[in-house]
Amino acid sequence: MKPDGFAADLYRKPEVLGRLSAILADGNPWADVVAPNTERVVLLGMGSSAYAGGVAAARMRARGLVASVELASSQLLPDWGEGTLVVATSASGGSKETLDALDRLPASVHTVALTNTLGSAIAKRCAAVVDLAAEPEVGGVACRSYQHTLALLLALECHLTGSGTSELAHAVALSADASAYLLDTESDWRLEVSEPLLGPSGVYLAAPAERFCSAQQGALMLREGPRLPAVGCETGDWSHVDVYLTKTIDYRLLVFAGSQWEAQLADWTTQRGSTVIGVGGVVHGTQYNLRYPGDGDDTVRLLTEVLVPELMAARAWQAQRM
């Protein structure tokens, strides 16, 4: 992995995401690869692929679909038989656990690879392929491919519910604009965010359940690049699992805005003098709130907000060489 390459990959997000918006405006990439008798969906993946799948599956269930997300390493994969669509996601196309899971599936399921590497092992193993269209990530970190995984799983939701992709394409275009804004103004906000958060006891991130993957992916970026301790939590669950740390360590929290449970979180962090930074809205009890165009739209937030901890991670990683 390469820190300068990672930063360069982030700066290409608006351009590459804009091209994905055009693809979605032209039609749905899933239209020709999903069997017409699909009744159930299983999303398989590891790491960031599983994070994205978790939110995508929850959105599908909220629309009345039968969908689950499974770690490919699990020995307890659903055995739902005929009419099941299995989407195996791997940006590189070579995730060993995901390839192994494909070998353990019932023969009657329909498999589709969601990958950034069209000639890869996973593409050859599945019955059909959907291209992430995230282009090569020279830094070796799944950043654009994570963002595109989310967008394309939302497109799958559109297909399965009989919806067009025009609204999604518009949201992706707005996300490209929002990403461009954050990149263009990085010098204005990054130190305001990163200096308070990068403390001696690690970085903690919280996001609403509807966008929990943002906290998970943001934490992963800080672990994967600069190798910093970082943990993601769901905002409501925070008061049941992470609140205890505010009493014992120098607790520093990034909150992705939008949860109805933020006030409960703020009660504890304010009482205990924790450092809290908000992203994508005004979060009560914060030292700083970072806003960007379109942050009132939940899909734009989902596709944009993780760029903030990604840039924190990229700059911290580059600084380690100095």
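Placed above this text is the structure.
What comes next is a walk through the structure. (Residues numbered from 1 in each chain as written. Predicted model: local features only at pLDDT ≥ 70, side-chain atom pairs only at ≥ 80, totals over all residues. Heavy atoms only, no water.)

## Overview of the overall build of the protein
- A count of helices and strands for the protein gives 13 helices and ten strands.
- For a compact globule of 322 residues, the expected C-alpha radius of gyration is about 20 Å, and the protein comes in at 19 Å, within 12% of that figure.
- In the protein, which comprises 322 residues, the proportion classed as buried is 56%.
- Carbon and sulfur atoms form 52% of the exposed surface of the protein, whose accessible area is close to 12900 Å².
- With 24 positive and 36 negative side-chain charges, the protein shows a separation of 5 Å between the mean positions of the two kinds. (Helix = DSSP H or I, 4+ residues; strand = E, 2+ residues; numbered from the N terminus. Rg over C-alpha atoms; globule rule 2.2 N^0.38 Å. Buried < 20%, exposed > 50% of the residue type's maximum accessible area, 1.4 Å probe, protein only. Areas by Shrake-Rupley, 256 points an atom, 1.4 Å probe, with all protein chains shown as cover. Lys, Arg positive; Asp, Glu negative; His and termini not counted. Charge placed at Lys NZ, Arg CZ, Asp CG, Glu CD.)

## Description of the packing of aromatic side chains
- Across all of its chains, the model carries three aromatic pairs by this definition.
- What links up through ring pairs into an aromatic cluster is the set Tyr204, Trp238 and Tyr251. (Phe/Tyr/Trp six-rings, centres within 6.5 Å; stacked < 30°, edge-to-face > 60°.)

## Notes on the sheet that holds strand 1 (residues 40-45)
- Across the sheet, which stays open at both edges, the five strands sit in the order 2-1-3-4-5 with parallel pairing between neighbours. The open sheet has two free edges, formed respectively by strand 2 (66-71) and strand 5 (128-131), since each of these has just one partner strand. The sheet shows a mean angle of 20 degrees between the axes of neighbouring strands, taken without regard to direction.
- Pairing of strand 1 with strand 3 (residues 84-89) involves five bridges; the strand directions are parallel. Counterpart to Val41 in the pairing with strand 3 is Leu85.
- Helix-sheet contacts for helix 3 (residues 48-62) involve strand 1, strand 2 and strand 3, and the interaxial angle to strand 2 is about 165 degrees.
- Docked against the sheet, helix 4 (residues 96-103) engages strand 1, strand 3 and strand 4 (110-115), running at close to 160 degrees with respect to strand 3. (Pairing = 2+ DSSP bridges. Axes fitted to C-alpha atoms, helices over the stretch in contact; angles between N-to-C directions. Contact = heavy atoms within 4.5 Å.)

## Regarding the sheet that holds strand 10 (residues 288-290)
- The strand order across the open sheet built from five strands is 7-6-8-9-10, with neighbouring strands paired in parallel fashion. Looking at strand neighbours, the two that pair on one side only are strand 7 (230-234) and strand 10, the edges of this open sheet. Along the sheet, successive strands turn relative to each other by an average axial angle of 20 degrees, direction set aside.
- Strand direction decides the pairing type here: strand 6 (residues 203-207) and strand 7, joined by five bridges, are parallel. Along strand 7, the bridge assignment pairs Ala207 with Glu234.
- Helix-sheet contacts for helix 9 (residues 212-224) involve strand 6, strand 7 and strand 8 (252-256), and the interaxial angle to strand 7 is about 175 degrees.

## With respect to the packing of helix 1 (residues 3-11) against helix 13 (residues 307-319)
- Taken N-terminus to C-terminus, the directions of helix 1 and helix 13 make an angle of 155 degrees; their axes are 9 Å apart at the nearest point. Here helix 13 runs roughly antiparallel to helix 1, going by the angle between their axes. Crossing of helix 1 against helix 13: the hand is left-handed. From helix 1, Pro3, Asp4, Phe6, Ala7, Leu10 and Tyr11 reach across to helix 13, where they touch Leu307, Glu310, Leu311, Ala313, Ala314, Arg315, Trp317 and Gln318. (Parallel < 35°, antiparallel > 145°, perpendicular 65-115°, else oblique. Left-handed = near helix turned anticlockwise from the far one by under 90°.)

## Some words on the pairing of strand 4
- Most of strand 4 sits inside the fold, with five of its six residues counted as buried.
- Chirality of the crossover, the property in question, places the unit of strand 3, helix 4 and strand 4 among those that are right-handed.
- As defined by bridge partners, strand 4 adjoins strand 5 across four bridges and the pair is classed as parallel. The residue of strand 5 that forms the bridge with Ala113 is Val129. (Right-handed = clockwise from strand over helix to strand, strands pointing away.)

## With respect to the nonpolar core
- Judged by nonpolar contacts, the single largest core of 73 residues is most densely connected at Phe6, Trp30, Leu156, Val193, Leu205 and Leu254.
- Sequence-distant contacts of Leu205, defined by excluding residues within four places in its chain, comprise Ala215, Gly218, Ala219, Leu222, Ala230, Val231, Gly232, Cys233, Leu253, Leu254, Phe256 and Pro309. (Core = buried A, V, L, I, M, F, W, Y, C linked by side-chain atoms within 4.5 Å.)

## Observations regarding the environment of Leu132
- On the secondary structure map, Leu132 appears in the loop between strand 5 and helix 6 (144-160).
- On the accessibility criterion, Leu132 (0% relative accessible area) is buried.
- Along the sequence, Leu132 and Tyr146 sit 14 residues apart, while their C-alpha atoms lie 9.1 Å from each other.
- Excluding anything up to four places from it in sequence, Leu132 contacts Ala91, Leu114, Thr115, Asn116, Ser145, His148, Thr149 and Leu152.

## Focus: the environment of Ser201
- Within the element layout of this structure, Ser201 appears in the loop between helix 8 (186-197) and strand 6.
- Look at Ser201 and you get partly exposed, because its relative accessible area is 25%.
- Separated by 75 residues in sequence, Ser201 and Val276 have C-alpha atoms that sit 14 Å apart.
- Residues within four places of Ser201 in sequence aside, it is in contact with Ile249 and Asp250.

This is a description of form; function is not addressed.
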